[in-house]
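Coordinates in review
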Amino acid sequence: MELLAPYRRRIDDLDDQIMELFSQRFQVIREVAQLKSQHGVPAVLQDRVDEVRERNAETGKLKGVDPEFVRRLYTLIINESCELEDRLMGKR
């Protein structure tokens, strides 16, 4: 479907950007895990988890993205982040 080719390229480019941002986000998580480990801070801080999820749900809503979708997506992202921190901190 040549008609869809330019749109598919745009979507692929956006997906590449999303993966780059995920890579950067998880690099920051690695740095945070090291800092938390050095200072005895637990991997999961529920108030921060809730703050991140709700802040992004609100941002999504303002940008025309279903906030429930954003909450589900960020639940996955946050869970993976917390599991990574746990592994890096030797708790799993």
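Quick note: structure is the one above.
These lines cover the structure that appears in this document, whether it is placed above or below. (Residues numbered from 1 in each chain as written. Predicted model: local features only at pLDDT ≥ 70, side-chain atom pairs only at ≥ 80, totals over all residues. Heavy atoms only, no water.)

1. Looking at the pattern of salt bridges
Any two side chains of opposite charge can pair, so long as their charged atoms come close to each other. The cut-off we apply is this: Salt bridges are identified by distance alone: a Lys or Arg side-chain nitrogen within 4 Å of an Asp or Glu carboxyl oxygen. Helical segments are the DSSP runs of H or I of at least four residues, strand segments are the runs of E of at least two, and each set is numbered from the N terminus. Whether a residue is buried, partly exposed or exposed follows from its accessible area with a 1.4 Å probe, protein chains only, as a fraction of its type maximum: under 20%, in between, or over 50%, in that order.
Here the structure, examined in full by the defined rule, presents six salt bridges. Residue Glu-54 is joined to Arg-71 by a salt bridge in which the shortest nitrogen-to-oxygen separation is 2.9 Å. Of the two residues, Glu-54 sits in helix H2 (residues 46-62) while Arg-71 sits in helix H3 (residues 67-88), which places them 17 residues apart along the sequence. Between Glu-80 and Arg-87 there is a salt bridge, with the nearest N and O atoms lying 3.6 Å from each other. A relative accessible area of 42% places Arg-87 in the partly exposed class. When salt bridges with common partners are traced through the structure, they connect Glu-54, Glu-68 and Arg-71 into a single cluster.

2. Description of the packing of aromatic side chains
Where we set the bar: Classification of ring pairs rests on two measures: the distance between centres of Phe, Tyr or Trp rings, Trp counted by its six-membered ring, which must be within 6.5 Å, and the angle between planes, read as stacked under 30 degrees, edge-to-face over 60 and tilted in between.
A full pass over the atoms with the stated rule returns one aromatic pair. Centre to centre, the rings of Phe-22 and Phe-26 are 6.4 Å apart; their planes meet at 35°, and the pair counts as tilted. Placement of both Phe-22 and Phe-26 in helix H1 (residues 5-39) is noted, with a separation of four residues, approximately one turn of the helix. Classification of Phe-22 by relative accessible area gives partly exposed; the value is 25%.

3. A short note on a negative patch on the surface
We count it as follows: Each patch is assembled from residues with relative accessible area greater than 30% and no salt bridge, linking like charges that lie within 9 Å and nonpolar side chains (Val, Leu, Ile, Met, Phe, Trp, Tyr) that lie within 5 Å. Per-residue and other accessible areas follow the Shrake-Rupley method at a 1.4 Å probe size, with only the shown protein chains counted as cover for residues. Charge counting follows a simple rule: Lys and Arg are positive, Asp and Glu are negative, and His as well as the terminal groups are ignored. A charge is said to be at NZ when it belongs to Lys, at CZ for Arg, at CG for Asp and at CD for Glu.
Taken together, the side chains of Asp-12, Asp-13, Asp-15 and Asp-16 define an acidic patch exposed on the protein surface. Looking at where Asp-15 falls in the secondary structure, it is placed in helix H1.

4. Comments concerning the side chain of Asn-56
For clarity, the threshold we go by: Pairing of N or O atoms within 3.5 Å defines a polar contact, subject to two protein rules: one partner must be a possible hydrogen donor and the other a possible acceptor, and residues neighboring in sequence count only if both atoms are side-chain atoms. Here, two residues are considered to be in contact whenever any of their heavy atoms come within 4.5 Å of each other.
As for its position among the elements, Asn-56 is in helix H2. Residue classification places Asn-56 among the buried positions, given a relative accessible area of 12%. A distance of 2.8 Å separates the side chain of Asn-56 from the backbone oxygen of Val-52, its partner in a polar contact. With near-sequence residues (within four places) excluded, Asn-56 lies in contact with Val-70 and Tyr-74.

5. Brief notes about a nonpolar patch on the surface
A surface patch of nonpolar side chains, amounting to about 480 Å² of accessible area, comprises Met-1, Leu-3, Leu-4 and Tyr-7. In this fold, Met-1 is placed in the segment before H1. Judged by its relative accessible area of 70%, Met-1 is exposed.

6. Quick notes on H3
Filter applied, for reference: Here the expected length of a helix is defined as 1.5 Å per residue gap, with one fewer gap than residues.
The terminal C-alpha atoms of H3 lie 31 Å apart, and with 22 residues this matches the ideal 32 Å at 1.5 Å per residue to within 8%. Listed as buried for H3 are Val-70, Tyr-74, Ile-77, Ile-78, Ser-81, Cys-82, Leu-84, Glu-85 and Asp-86. Positive backbone phi, at 75°, marks Gly-90, one or two positions downstream of H3.

Purely geometric stuff here, so don't read any function into it on its own.
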